[in-house]
Structure formats: C-alpha cells, structure tokens
Amino acid sequence: NQTGRNILNADQIVMQFGGLKALNRVDLLIEKGTVHGLIGPNGSGKSTMMNVLTGIYLPTDGKVTYGGALISGKTPSAIALSGIARTFQNVQLFGEMTATENILVGLHHTFGSSLWDILVASRSDRLYEVAARQRAASILRFVGLDDLADEEARNLPYGKQRLLEIGRALALNPGLLLLDEPAAGLTAPDIKELTQIIKKIKESGVTIILIEHHMDVVMSVCDIVTVLDFGQKIAEGSPAEIQQDARVIEAYLGG
Ligand code: ADP
Ligand code: MG
C-alpha cells in the first residue's frame, strides 16, 4: 500500500517568511529505495523544503511523517536520530579536524543501532573507540577517501570535502539521505565520482533526496523528479518526462 512504499510523506507544506511563502502547499511523497530529485530555479524553495524535513524550520502549515511517524515539530537532532541525515548547500566541516575525526563526529551521534547501544552501555571507551575507528575507516573507503584519512578537512580539495560531508552524513546510518547541491562547484571528474557514489549509496539501501542543478547528474541518478517554482510544485515525473514538460522548460530548463 501507499504508506508502506513511501518512507517520507510531506503533506501540504507551507513555509512563510514574513510576507513570502517560500513553500505554498507542497506535497512530497518519497518512495523507499529511490533517488528523488528536487529541482527548480534559485529561490524556488528547495533548501527550505530540506530545512523543513530536517526540523531546522517548523512549517507554518502541513505535516511531515517519516516511516509513518510524525516528525514535524521534532528537533533537528531527534529527526537525525530517527534516520534522516543531510549535507548542506555550503560545505560544513570541522576544518582543523582530520577526515577520520569528521566522520567520528557523525558516528558519536549514532545511538540508534544496537551495536552502539551495547558498546555505550558496556562503558568501554576503548572498545567503543576501536569500533568507531573501524567504522569510520570503512565509511572513508566507501566515499573514496581512505588515502586522505589523516588530512585536515580544510586541506582537502573542494571535491573531496564534499565527499567527506556525505561520509559524515552516512555515519548516522540513515534511512534517508538529503543532499543539497552536492555537485555545485565540482570539476567534471569530481562530478563523475560523486555520481558513482550516489548510485552506490542507493544500492546500499538508503533512500535519497537530491537537490541539484547539474541536469546530467539528475538524469543519470534520479528515479523521479519534483520541480518547484516560486514555492509550488509545478511538475513531477521521470527524468525523461520532466525534460519534456513545457512548464518546466519555461520555468527552469529553457534559459
Ligand atoms: P532554493 O534552495 O530553491 O534556491 P530557498 O529555499 O533557499 O531556495 O529559498 C526560497 C525563498 O525563501 C527565497 O526567496 C529565500 O530568500 C527565502 N528564504 C529562505 N530562507 C529564509 C529565511 N530564513 N528567512 C527569510 N526568507 C528565507
Ligand atoms: Mg538552495
């Protein structure tokens, strides 16, 4: 049935900033196991939607459920612990910490999975530390940063910083991962690597919401795409359908 297939349901979301409706009655149904694209012109409300889904903003109206449970109104950390992780439009890393330490910061927030519960309950700092470092190493390998584990984040090339941010989000062991313009500012080879990693994340069973302006990335990884314009949903469909849609071409793709 509907609720079983959908991991997240945002229902009639309104987000008002003073006189501006950044989101105006937007519905978003995210099917489990998919990569769901969210595209639209600058200022159309994409990041605002992500901030509503992660509890940074309390929507003016509407509600969000994740795995059938109401999450709108919960704090960002409660929502993260329930399984929604994110990256930000502007990279937010701890610059003076190494790549490994940045991943550890994400891991230390993980108390949802039984392994961590047991380790934390055992009060063995050493066992916890050994397990956490092993897990950090495996995440760094997954995002292709194993050679750079001991580099300070600020010294990594920009494309690698983006991947590290994704790694830190994965450390939360999320069911749903939100990526806000991960390809922005990347070189062509970096974008290719990012695209492969997004596909790998999907294959590992994580559902993804992807905000992205690079249409080649959207076309190659998304199963379904929602298009926003001035805070409203103007189209939804497969990447091929979206590319043909007259309203989408006029509002976004045309220029
Ligand atoms: P997008 O990510 O699609 O480029 P945003 O969601 O960042 O767009 O912004 C949508 C609209 O909401 C813009 O007009 C933006 O200026 C406005 N907006 C976003 N956040 C705030 C805020 N915290 N206060 C006031 N206006 C905001
Ligand atoms: Mg944005």
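Residues numbered from 1 in each chain as written. Chains lettered and ligands numbered in written order. Predicted model: local features only at pLDDT ≥ 70, side-chain atom pairs only at ≥ 80, totals over all residues.

If you look the protein chain up in an unreviewed UniProt entry, it shows as ABC transporter domain-containing protein from Undibacterium squillarum.

### Comments concerning the packing of helix H4 (residues 99-107) against helix H7 (residues 158-170)
Running from N to C, H4 and H7 point in directions that differ by 30°, and their axes come no closer than 7 Å. The interaxial crossing formed by H4 with H7 has right-handed handedness. Every residue of H7 that contacts H4 at Ala99, Asn102, Ile103, Val105 and Gly106 is listed here: Leu164, Gly167, Arg168 and Ala169. Residues belonging to the contact of H4 with H7 are distributed by class as follows: 5 nonpolar, 3 polar and 1 charged. (Axes fitted to C-alpha atoms, helices over the stretch in contact; angles between N-to-C directions. Helix = DSSP H or I, 4+ residues; strand = E, 2+ residues; numbered from the N terminus. Left-handed = near helix turned anticlockwise from the far one by under 90°. Contact = placed C-beta atoms within 7 Å. Nonpolar A, V, L, I, M, F, W, Y, C, P; charged D, E, K, R; others polar.)

### Examining the sheet that holds strand E8 (residues 207-211)
A sheet is described by the order of its strands in space; here 6 strands give the open sequence E6-E7-E8-E3-E9-E10, paired in mixed fashion. Of all strands in the sheet, those with a lone pairing partner are strand E6 (84-86) and strand E10 (232-237), marking the two edges. Shown here is a sheet whose adjacent strand axes are inclined to one another by a mean of 20°, direction ignored. The sheet contact formed by strand E7 (residues 176-180) and E8 spans 5 bridges and is parallel. (Pairing = 2+ DSSP bridges.)

### Overview of the pairing of strand E3 (residues 35-39)
The element E3 is largely enclosed, with a buried count of 5 among its 5 residues. Here E3 shows a buried face lined by Val35, Gly37 and Ile39 and a second buried face lined by His36 and Leu38. (Buried ≥ 20, exposed ≤ 12 C-beta atoms within 10 Å, placed from the backbone.)

### Concerning the site of ligand 1
Neighbouring ligand 1 are the residues Phe17, Leu20, Ala22, Gly40, Asn42, Gly43, Ser44, Gly45, Lys46, Ser47 and Thr48. Per-element accounting of the shell around ligand 1 gives the leading share, 3 residues, to helix H2 (residues 46-53). Counted by class, the shell around ligand 1 contains 3 nonpolar, 7 polar and 1 charged residues. (Near = placed C-beta within 6 Å.)

### Notes on the sheet that holds strand E5 (residues 69-70)
In any sheet, the strands associate via hydrogen bonds between backbone groups, in a parallel or an antiparallel arrangement. Within the open sheet, the 4 strands sit side by side as E2-E1-E4-E5. Their pairing is antiparallel. In this open sheet, the two strands that pair with only one neighbour each are strand E2 (20-31) and E5. The sheet contact formed by strand E4 (residues 61-66) and E5 spans 2 bridges and is antiparallel. Each residue of the ladder has a partner; that of Tyr66, found in E5, is Ala69. Where H2 meets the sheet, its contacts fall on strand E1 (6-17), E2 and E4, and the angle it forms with E2 comes to roughly 65°.

### Here we look at helix H8 (residues 188-203)
For H8, which comprises 16 residues, the first-to-last C-alpha distance of 23 Å matches the rise-based estimate of 22 Å (1.5 Å per residue) to within 8%. Within H8 the residues assigned to the buried category are Leu194, Ile197, Ile198 and Ile201. Projected down its long axis, H8 carries its buried residues within an arc of 105°, all on one side. Exposed residues lying more than 90 degrees from the buried face of H8 are Ala188, Pro189 and Glu203. Check the buried side of H8 and you find it contacts E3, H7, E7, E8 and helix H9 (215-221). Remark: Gly205 follows H8 within two positions and exhibits a positive phi of approximately 100°. (Expected span 1.5 Å × (residues − 1). Arc of directions from axis to C-beta.)

### Looking at the pairing of E10
In this structure, strand E9 (residues 224-229) lies alongside E10, joined through 5 bridges in antiparallel fashion. Pairing of Val227 across the sheet is with Ala235, part of E10.

### Focus on the domain arrangement of the protein chain
According to the domain assignment, the protein chain consists of domain 1 (1-9 + 29-58 + 66-83 + 174-255) and domain 2 (93-173). Once you take the C-alpha centre of each, domain 1 and domain 2 turn out to be 24 Å apart. Contacts between the two partners involve 12 residues from domain 1, matched on the other side by 13 residues from domain 2. Where the side of domain 1 that touches domain 2 is concerned, the elements lending two or more residues are helix H3 (76-81) and H8. (Domains from an automatic or database assignment.)

### A closer look at the nonpolar core
If you look at the biggest cluster of nonpolar residues, it comprises 68 residues, and the most contacted ones within it are Met49, Leu177, Ile208 and Leu210. Residues lining this core come from more than one domain, with at least three contributed by each of domain 1 (1-9 + 29-58 + 66-83 + 174-255) and domain 2 (93-173). Those residues in contact with Ile208 that lie beyond four places of it in its chain are Val35, His36, Leu177, Leu179, Ile198, Ile201 and Lys202. (Core = buried A, V, L, I, M, F, W, Y, C linked by C-beta atoms within 7 Å.)

### Regarding H7
Given a rise of 1.5 Å per residue, 13 residues ought to cover 18 Å, and the 19 Å separating the end C-alpha atoms of H7 matches this to within 8%. Taking burial as the measure, the 13 residues of H7 include 11 buried ones, the bulk of the element. Buried within H7 are the following residues: Lys160, Gln161, Arg162, Leu163, Leu164, Glu165, Ile166, Gly167, Arg168, Ala169 and Leu170. On its buried face, H7 sits against E6, H4, helix H6 (125-142), E7 and H8.

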